[in-house]
Structures are given as structure tokens and as C-alpha cells.
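This is what each chain is made of:
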Amino acid sequence: NTTGFKRDRASFEDMLYQNIRQPGSQVTADNQSPTGLMLGTGVRLVATEKIHAQGSMVTTKNALDLAITGGGFFQVAQPDGTIAYTRDGSFKINAEGQIVTANGQPLEPAVVIPPNASSIAVGQDGTITVEVPGGGSQVLGQIELARFVNPAGLQSLGQNLMRETAASGAPVVLAPGAEGAGQIMQGALEASNVNVVEEMVNMIETQRAYEINSKAISSVDGMLRFLNNNL
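Now for a description of the structure that goes with this document.

Reading the values: the criteria
- Residues numbered from 1 in each chain as written.
- Predicted model: local features only at pLDDT ≥ 70, side-chain atom pairs only at ≥ 80, totals over all residues.
- Heavy atoms only, no water.
- Core = buried A, V, L, I, M, F, W, Y, C linked by side-chain atoms within 4.5 Å.
- Buried < 20%, exposed > 50% of the residue type's maximum accessible area, 1.4 Å probe, protein only.
- Helix = DSSP H or I, 4+ residues; strand = E, 2+ residues; numbered from the N terminus.
- Contact = heavy atoms within 4.5 Å.
- Phe/Tyr/Trp six-rings, centres within 6.5 Å; stacked < 30°, edge-to-face > 60°.
- Salt bridge = Lys/Arg side-chain N within 4 Å of Asp/Glu carboxyl O.

1. Description of the nonpolar core
- By size, the foremost hydrophobic cluster in this structure holds 17 residues, and its most contacted members are Phe74, Ile99, Ile128 and Ile143.
- Mapped onto this core, the elements with two or more residues apiece are β6 (66-69), β12 (119-122) and β13 (127-132).
- Looking at which element gives the most residues to this core, the answer is β13, with three residues.
- Apart from the residues lying within four places of it in its own chain, the contact partners of Ile99 are Leu64, Phe91, Lys92, Pro106, Leu107, Val111, Ile113 and Ile128.
- In terms of nonpolar packing, the next biggest core, distinct from the first, is built from six residues, Tyr85, Ala146, Phe148 and Met162 among them.

Structure representation (C-alpha cells):
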């Protein structure tokens, strides 16, 4: 249920092998072994990768709920002066009228809503317009999105935020809808892209695999006990 959450995928690799017999070794003076005998020593978790697939859109009709349809991240200013990135567009207004996240971190570039604004409109290109008394409108600025060559290389910080790393590459800041950047949808939020049914099936498969291995160990233990008691 976390807004803008991207599911993780674990990557495994096999570990070192014990080479009992090398493939291609000489069986006799004239013959070579077409195959070898190599015993594996198990597998290990080598990486977790964020799957940045689009989540479903949930309509909220809240003017400050913004969703990105397509690629890109909102930019959020951190207390130390650095920029963090998020897909969570559930923004609020603080006491100074600035658009901030639920944790009070301001949107970058900064946008300040006048206290006399009667309504807020955000276009698909990120343009922020407010209605002011007297029937006029005022353009306050434009939301910019950051894209990365390798978004899976971003480092998760918690609080729905991510940070640039050497693996992700430098951010390319674009206007929404320009050069492959996604567009802004006002009054909606991007839900998590976790598929509950798929995760349940994966959990059942993992549970059954554990049970099979557990029963195999129990069977071997029973055979060894029988041999030990009867021989």
C-alpha cells in the first residue's frame, strides 16, 4: 500500500565448484572424458534490484496529489542540501505555503502557493497555476522531473526517497513530457507495483521447496538411522 513503491527482485549466483574430474581430462591414452564431475557448494544472494515498472493509478481528487505516468522522479531537497528522488507525489503545503512532502521536505525547484489562492491546477507538463481573487490566474512555476540511465542503481533511503549513485548515473532534469520524461497527472497517486497474487504464488512455491528439502533431509536421516541400528 506504499505510494510509489517499487518491488525488489533478488539475484542469485552459484558459488565455487569442487572439480572432482575436469572436463576433457584423459581417461585413457587415446580417450578424453566428454564431461566432468563438478560438485557445487551452493548459491548466494548477490544483489537486489528495484523493478521500476509503472504502478496503477489511484484517483484521490486532491489537488496536491500528483502521479507520474511514465519515467522520471520528483526532486526533493534534503536538509544537507542534496537532492533525493521519489515517485511519491502525495504533497502538502507547509506554513510558508511551500509544497513539501509528508515529512516536510520541499519540492525542488521550490514552489510557494500564495495564501489567497483559491485553487491549484497542475498541467501535464508540470505547470502550476493558481486562481487568485478577482478571477485571474497566476503561473507559479513548473515541476521538473529527473531521469536516470540506470534507475535500478539508485540507493533507497527510506521515506519513499532514493539517492543518486555512481551506478545510476547523473540525473537528467527535464520538463514533464519532454524527451521521454513522464507526464503529470493531478488528483491521483501511483500505487505500489507489487502484484499481491504473484507474490502469494511465489511465497507458496518457496514454502513447498522448503518442505521438499526438509522431507529429503528427514528421509536421509531415517535411512541412516535404519542402517546404524541394523548393521
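2. Concerning unusual backbone geometry
- A cis geometry characterises the amide bond from Glu108 onward to Pro109, with omega recorded as -5°.
- Topologically, Pro109 is positioned in the loop between β11 (107-108) and β12.
- Here the phi dihedral of Lys61 falls at roughly 60°; this positive angle occurs in a residue that is not glycine.
- You can call Lys61 exposed: its relative accessible area is 77%.
- Even without glycine at this site, Glu179 takes up a positive phi of about 55°.

3. Focus: the packing of aromatic side chains
- One pass over the structure, following the stated rule, counts three aromatic pairs.
- Ring geometry for Phe74 and Phe91: centres 5.1 Å apart, planes at 90°, overall edge-to-face. Placement of the pair is Phe74 in strand β7 (residues 73-77) and Phe91 in the loop between β8 (83-86) and β9 (92-93), with a sequence separation of 17 residues. When sorted by exposure, Phe74 lands in the same class as Phe91, which is buried.
- Each ring, one from Tyr85 and one from Phe148, has its centre 4.9 Å from the other, and the planes form 85°; the classification is edge-to-face. Of this pair, Tyr85 sits in strand β8 while Phe148 sits in the loop between β15 (145-147) and β16 (155-158), and the two are 63 residues apart along the sequence.
- On the basis of relative accessibility, which here comes to 9%, the residue Phe148 falls in the buried class.
- By way of ring pairs, the aromatic residues Phe73, Tyr85 and Phe148 are connected into one cluster.

4. Brief notes about the pattern of salt bridges
- Under the criterion given, the structure shown has seven salt bridges.
- Ionic pairing is found between Asp8 and Lys50, a salt bridge with its closest N-O pair at 3.2 Å. With Asp8 in strand β1 (residues 8-14) and Lys50 in strand β4 (residues 43-50), this pair connects stretches of sequence that are 42 residues apart.
- On the accessibility criterion, Asp8 (38% relative accessible area) is partly exposed.
- The class of Lys50 is buried, set by a relative accessible area of 12%.
- We note a salt bridge from Arg87 to Glu190, for which the minimum N-O separation is 3.0 Å. Here Arg87, found in the loop between β8 and β9, pairs with Glu190, found in strand β20 (residues 188-190); they are 103 residues apart in sequence, far enough to count as distant.
- Look at Arg87 and you get buried, because its relative accessible area is 7%.
- Three or more residues are tied together by salt bridges with common partners; here these are Lys6, Arg87 and Glu190.

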